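Here is how the chains run, residue by residue.
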Amino acid sequence: MMLIKEIAVYVNILNSRIKKNFFDELQANGINVTPEQYLVLDILWEQQSLSQQNIADIIQKDKNSVTKIIDSLEKKSLVTRVVDENDRRINKIELTDEGLALEKITTDVAINFMNDVIQSIDTQDLDTFVKVMLQMKANLEQE
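Residues numbered from 1 in each chain as written. Predicted model: local features only at pLDDT ≥ 70, side-chain atom pairs only at ≥ 80, totals over all residues. Heavy atoms only, no water.

On to the packing of aromatic side chains, then. Here the structure, examined in full by the defined rule, presents three aromatic pairs. Taken together, a centroid distance of 5.2 Å and an interplanar angle of 80 degrees make the contact between Phe 22 and Tyr 38 edge-to-face. Within this pair, whereas Phe 22 is found in helix H1 (residues 2-28), its partner Tyr 38 is found in helix H2 (residues 35-47), the two being separated by 16 residues in sequence. Both residues of the pair, Phe 22 and Tyr 38, belong to the buried class. For the ring pair Phe 22 and Phe 113, a centre distance of 5.4 Å and an interplane angle of 35 degrees mean the geometry is tilted. (Phe/Tyr/Trp six-rings, centres within 6.5 Å; stacked < 30°, edge-to-face > 60°. Helix = DSSP H or I, 4+ residues; strand = E, 2+ residues; numbered from the N terminus. Buried < 20%, exposed > 50% of the residue type's maximum accessible area, 1.4 Å probe, protein only.)

Next comes the structure, spelled out in structure tokens:
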């Protein structure tokens, strides 16, 4: 029973610390985005254009939370909403030139940050960690 509580506590602590420390690292490098905003930008750098619902599904956040994130990114002139030409009820989220320009430096900061987080952890242990996390995610999705 204690192990189950420890897992829940440590997953929560790890999530909070990664987000806080990553935010600090982004700010220290002059990148004015939050970790949640980074997730949306990262998806758009890969996909180019997505609906808000697609973004919500990918990052596992509710549509209202994603709307707030996109509103913030739009105020920073990093993304824009474009009406889908096939369905006017759908807004596609697209990167602006400013959003595109952030990709290299922001990705480099993210990679360097995570390399620091996982330093001195054996690759086999990291593989096991990812495998276990994916199984836990799958278990939650079955509920």
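All right, on to the nonpolar core then. With 26 residues, the main nonpolar core has Val 33, Leu 41, Leu 44, Ile 55, Leu 73 and Val 79 as its most contacted residues. Of all elements in the fold, only H1, H2, helix H3 (52-59), helix H4 (63-75), strand S3 (91-95) and helix H6 (103-118) reach the threshold of two or more residues within this core. Considering each element in turn, this core owes the most residues, six residues, to H2. Ignoring anything within four residues of it in the chain, the contact list for Leu 41 reads Val 33, Leu 73, Leu 78, Val 79 and Leu 95. (Core = buried A, V, L, I, M, F, W, Y, C linked by side-chain atoms within 4.5 Å. Contact = heavy atoms within 4.5 Å.)

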